[in-house]
Amino acid sequence: VEKKRWISERRFLHALNYCMVLPGPEAQQLATYIGWMMHRTVGGLMAGGLFVLPSLLLLIGLAWVYMAFGQVPAVAGVLYGIKPAVTAIVALAAWRIGSRVLRNRALVTIAAAAFLAIFALGLPFPAIVLGAGLLGALGGRWRPAWFQAGGGHGVAKQHFGPALIDDETPPPAHARFTWGRFARVLLLGLGLWAGAMAGLVGLFGWDGALSQMGWFFTKAALLTFGGAYAVLPYVFQGAVEHYQWLSPAQMIDALALGETTPGPLIMVVTFVGFVGGWTQAPFGPEAKLVAALAGAVLVTWFTFLPSFVFILAGGPLVESTHGNIEFTAPLTAITAAVVGVILDLALFFGWHVLWPDGWAGRFDWISAAMALGAAVALFRFRRNVVTVIATCGAIGLAVSLLR
């Protein structure tokens, strides 16, 4: 918008509002959208793919170091230090989203109900999302003022000069909606997904670890309303508690590595896939690295494939979604529910950090002090997340050396 002048700010925000309504990582979808608008399907694939590729390669490298050398005292000390910081970061995410979304009692009630549903009743995350979406759809009809999207991305207030795709530029030919094109893109996307799933099931069976990863992360890709933090509880519920592909401590480390590396935070799924492939070893114990690489790549594929389909098939419909309460009300309610679910995730992380051996075990006072310090740095002094993680990691290293 400002430097390249590829697209005007108004068109940029218009596209962003559309991406916010979709499940999936909105930043990657927006990059795909801009590439598609400028250079058709090839441009969308290049922009969206290159938005993800560097993070994929970087996290594969970090995950390998983590699994191969994570028990080395120095590495273990750093990881010990960053766990309390991650707990504070997740709490901060709940606060930030909540302060932006929970604008009335109805939305606060939805957030509280979602927290109780997952904390006390143990309901699955998809059920909570669907329930909140239904409440939002009904509320958007009966009490639309309660579910108006706000505090997000409004109308452009600046103008940076003429843009290649300006406010009044008519949509290019490839951006005009036709049912034929919509059907072709949708069928191609479904075909790519079905082909990959069929190959996994044929090789490993439906219950195989890699097949279950493909199916699980397909569902996760369709539930990421509200950003990456919204899908973390679902990934935690499935990957840690149900499938046990990785431990709670490894999930906390995954989030820390995702926070400190460039790229969208949802790329933590790459780490989860790598660790899951390593621990499940579907190719045998002698080929753990090959299985880990396969897990990382296929998880990334199933997570991002729907986003490309949403943009390439639905991009021409972007005008019809702007400011429409029928689209925004369910999203607002889902985001409110996500606040409660993320709060539950912060409490769960805190439990594993402060009582590493369970409730009956010792209380870790050092971790408690680091978590409190990280919270003060983030909430009170608004320090950068990477700075806080690096500081806590250095403290953890020092503690491990002194021990």
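Our subject is the structure that appears above.
Residues numbered from 1 in each chain as written. Predicted model: local features only at pLDDT ≥ 70, side-chain atom pairs only at ≥ 80, totals over all residues. Heavy atoms only, no water.

What follows concerns the environment of Val 129. Structurally, the position occupied by Val 129 is in helix H5 (residues 125-142). Sequence separation of Val 129 and Ala 88 is 41 residues, and the distance between their C-alpha atoms is 24 Å. In this view, Val 129 contacts Leu 223, Phe 225 and Ile 334; residues no more than four positions away in its chain are not counted. (Helix = DSSP H or I, 4+ residues; strand = E, 2+ residues; numbered from the N terminus. Contact = heavy atoms within 4.5 Å.)

What follows concerns the environment of Val 385. Mapping Val 385 onto the fold places it in helix H15 (residues 385-402). The sequence separation of Val 385 and Ala 85 amounts to 300 residues, and the corresponding C-alpha distance is 8.7 Å. Apart from residues lying up to four places away in sequence, Val 385 is in contact with Ile 89, Glu 259 and Leu 378.

Turning our eyes to something else, we now look at the pattern of salt bridges. Per the stated rule, a full pass over the model turns up three salt bridges. The residue Asp 253 makes a salt bridge to Lys 83 at a minimum N-O spacing of 3.0 Å. Here the residue Asp 253 occupies a position in helix H9 (residues 248-259), and Lys 83 occupies one in helix H3 (residues 73-101), the gap between them amounting to 170 residues. The same class applies to Asp 253 and to Lys 83, which are both buried. Residue Asp 357 pairs with Arg 362 through a salt bridge whose shortest N-O separation is 3.7 Å. Salt bridges linked by common partners bring Asp 357, Arg 362 and Asp 364 together as one network. (Salt bridge = Lys/Arg side-chain N within 4 Å of Asp/Glu carboxyl O. Buried < 20%, exposed > 50% of the residue type's maximum accessible area, 1.4 Å probe, protein only.)

A packed helix pair is summarised by two numbers, namely the angle formed by the two axes and the spacing between the axes. Where helix H7 (residues 209-221) meets helix H8 (residues 228-242), the closest approach of the two axes is 10 Å, and the angle between their N-to-C directions is 160°. The pairing of H7 with H8 is recorded here as roughly antiparallel in orientation. Viewed along their axes, H7 and H8 form a crossing whose handedness is right-handed. Of H8, the residues touching H7 (which contributes Phe 216, Phe 217, Lys 219 and Ala 220) are Val 231, Tyr 234, Val 235, Gly 238 and Ala 239. Considering only residue class, the contact of H7 with H8 consists of seven nonpolar, one polar and one charged. (Axes fitted to C-alpha atoms, helices over the stretch in contact; angles between N-to-C directions. Parallel < 35°, antiparallel > 145°, perpendicular 65-115°, else oblique. Left-handed = near helix turned anticlockwise from the far one by under 90°. Nonpolar A, V, L, I, M, F, W, Y, C, P; charged D, E, K, R; others polar.)

Another point: unusual backbone geometry. Although it is not a glycine, Arg 40 sits at a positive phi angle of roughly 60°. Position of Arg 40 among the secondary structure elements: in helix H2 (residues 26-69). The class for Arg 40 is exposed, based on a relative accessible area of 52%. Phi at Ala 281 takes a positive value of approximately 45°, unusual for a residue other than glycine. Topologically, Ala 281 is positioned in the loop between helix H10 (268-280) and helix H11 (288-314).

Right, let's talk about H11 for a bit. Compared with the 39 Å implied by 1.5 Å per residue over 27 residues, the 39 Å span of H11 between its first and last C-alpha is a close match. For H11, the principal kink sits at Phe 304 and spans about 30°; a proline, Pro 306, occurs within the next four residues. Among the 27 residues of H11, 19 are classified as buried, and the element is accordingly described as predominantly covered. (Expected span 1.5 Å × (residues − 1). Bend = angle between axes of the 7 residues up to and from the residue.)

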